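Breakdown of the fold
Each chain, letter by letter, is given below.
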Amino acid sequence: MKLVAVFGLLGTLALAGVSFADGQAPSPNDPDLVRLQPANGHSLKWNYVPSGKSDRYGHAEVLISAPLSYVRELVLDYAHYKDYSGGKFRTSRLVDKSDTTTDVYFQVPVLHGMVMLWQVVRFQPRVAQPGVEVVQGTFVRGNVKGSDLVFTLRAIGDKTVLKADLMVNPDFAAPQSMIDEELRDAAQNAVDAVQARAQQKYAQWVAQQPSAPDATTPTVASANPPTPQPVPNANP
C-alpha cells in the first residue's frame, strides 16, 4: 500500500474518533516511558557512541503531551531550527529542496563565539515502522569534517517520544569534554523547544473543541487532531 494511502486511512480513522497514533494503550513497562515518566515532563540528555559509529553524539529525549502529527510539523520546519536551538544556531536557511530531501544551511558559533562553523545538511524524513518516524540530516559540505543530526519520533498513545542525536566533528582541535557539552546541550534545546511548541498548539486545539454534551444527548464521534501529513519514505 502506498504511503499516501496509509496516511489517508489514518485520517479516516481519526475522523471516526479512533486514535491515529498507535491505537493501543502504552505498556507500563515500555522502556521509553520507564525512563522518561519519572522526569515529569523534563528532558534527559547524555553523550554516547551509537552502535556502528565511531564519533561521540549528544543525545536528548523528552515525552511530549501531544500527538505525533504536532511534533512532526515542527521537526519538519527546518527553516526555524534556529528558533529551537537556544542560541546554538546563528542561522538556519533552506538552500535547496527536492521531492524527498531538503538542504539547510546552518551557522553555528562555538568556543564562546570565537569560531563560526557553517554547514549544509540534507534532511530526509522516513517512516521507520508504524508509529515511528525518523528525520535525518546528513552532512553535504561546510568547514567541519562531518556532522549528523537525527530526530526520532515515536507515538505512544496520544503522546510522543522525541529523541535528538547530534554529532559535529570540527576541523580543529578542541577538548572532547567541551564538544560533548555543546552537543548534548544543543540536542536538549531542540527537544525542549519542540515540546513546548507542540504542547501549546495541541492545548489550544483541545480548548477550541465543544464542551462535552449532556449524557442523554446522542453524540457523534469527535474528530481527533488534524490528520497527519504524508512523510516521504526513502524506501517506498
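Let me sum up the structure you'll find in this document. (Residues numbered from 1 in each chain as written. Predicted model: local features only at pLDDT ≥ 70, side-chain atom pairs only at ≥ 80, totals over all residues. Heavy atoms only, no water.)

**Let's talk about the sheet that holds strand β8 (residues 159–170)**
Convention followed: Here the rule is simple: two strands pair whenever DSSP picks up at least two bridges between them. Put simply, DSSP marks the helices as runs of H or I at least four residues long and the strands as runs of E at least two long, and each gets a number from the N terminus on. The angle between two axes is taken between their N-to-C directions and runs from 0 to 180 degrees, where each axis is a line fitted to C-alpha atoms and a helix contributes only its stretch in contact. Contact definition: two residues touch when any of their heavy atoms are within 4.5 Å.
Read across the open sheet, the eight strands follow the order β1-β2-β8-β7-β6-β5-β4-β3; overall the sheet is antiparallel. Strands at the two margins of the open sheet, each flanked by one partner only, are β1 (44–48) and β3 (91–97). The average undirected angle you get between the axes of adjacent strands in this sheet is 20°. Where strand β4 (residues 102–110) lies against strand β5 (residues 115–129), nine bridges are found, and the strand directions are antiparallel. Paired with glutamine 107 across the bridge in β5 is tryptophan 118. Contacts from helix α3 (residues 68–75) reach β2 (57–64), β6 (132–142), β7 (144–156) and β8 within the one sheet, and its direction differs from that of β7 by about 160°. Here helix α5 (residues 176–207) sits on the sheet and contacts β1, β2, β7 and β8; the angle it forms with β2, its principal contact strand, is near 20°.

**A closer look at the nonpolar core**
Across soluble globular proteins, you tend to see nonpolar side chains buried next to one another. Selection criterion: Among buried residues, those of type Ala, Val, Leu, Ile, Met, Phe, Trp, Tyr and Cys that are joined through side-chain atoms within 4.5 Å constitute a nonpolar core. We call a residue buried when its accessible area falls under 20% of the maximum for its residue type, exposed when it is over 50%, and partly exposed in between, using a 1.4 Å probe and counting protein chains only.
Val75, Tyr81, Phe123, Phe151 and Leu162 are the most contacted members of the largest nonpolar core, which has 42 residues in total. It is α5 that provides the largest number of residues to this core, a total of 11 residues. Aside from chain neighbours lying at most four places away, what touches leucine 162 is Ala60, Glu61, Val62, Ile64, Val71, Val75, Phe151, Thr152, Leu153, Val191 and Val194.

**Here we look at the packing of aromatic side chains**
To be explicit about the condition: Stacked, tilted and edge-to-face are the three classes applied to pairs of Phe, Tyr and Trp rings, where Trp contributes its six-membered ring and a pair requires centres within 6.5 Å; stacked means planes under 30 degrees apart, edge-to-face means over 60, and tilted covers the rest.
Scanning the model with the defined rule gives nine aromatic pairs in all. Ring plane angle 20° and centroid distance 6.2 Å describe the contact between tyrosine 81 and phenylalanine 106, whose orientation is recorded as stacked. Remark: phenylalanine 106 occurs in strand β4 and tyrosine 81 occurs in helix α4 (residues 81–84); sequence separation between them is 25 residues. Note on tyrosine 81 and phenylalanine 151: the rings are 5.8 Å apart at their centroids and 75° apart in plane angle, and the pair reads as edge-to-face. Here tyrosine 81 is found in helix α4, whereas its partner phenylalanine 151 is found in strand β7, with 70 residues between them in sequence. Here tyrosine 81 matches phenylalanine 151 in class, with each residue buried. Here a set of aromatic residues connected by ring pairs shows up, and it is made of Tyr78, Tyr81, Phe106, Phe123 and Phe151.

**What about the packing of α3 against α5?**
Note the threshold: For classification purposes, angles smaller than 35 degrees are called roughly parallel, those larger than 145 roughly antiparallel, those between 65 and 115 roughly perpendicular, and all remaining angles oblique. Should the near helix be turned counterclockwise from the far one by less than a right angle, the crossing is left-handed, whereas a clockwise turn marks it as right-handed. Any residue that is not Ala, Val, Leu, Ile, Met, Phe, Trp, Tyr, Cys, Pro, Asp, Glu, Lys or Arg is counted as polar, Gly included; the first ten are nonpolar and the last four charged.
Between α3 and α5, the least distance of the axes is 9 Å, while the angle of their chain directions is 130°. By the angle class used here, α3 and α5 are oblique. Crossing geometry of α3 relative to α5 is assigned as right-handed. On α5, the residues touching Tyr70, Val71, Glu73, Leu74 and Val75 of α3 are Val194, Arg197, Ala198, Lys201, Tyr202 and Trp205. For the contact of α3 with α5, the class distribution of residues is eight nonpolar, no polar and three charged.

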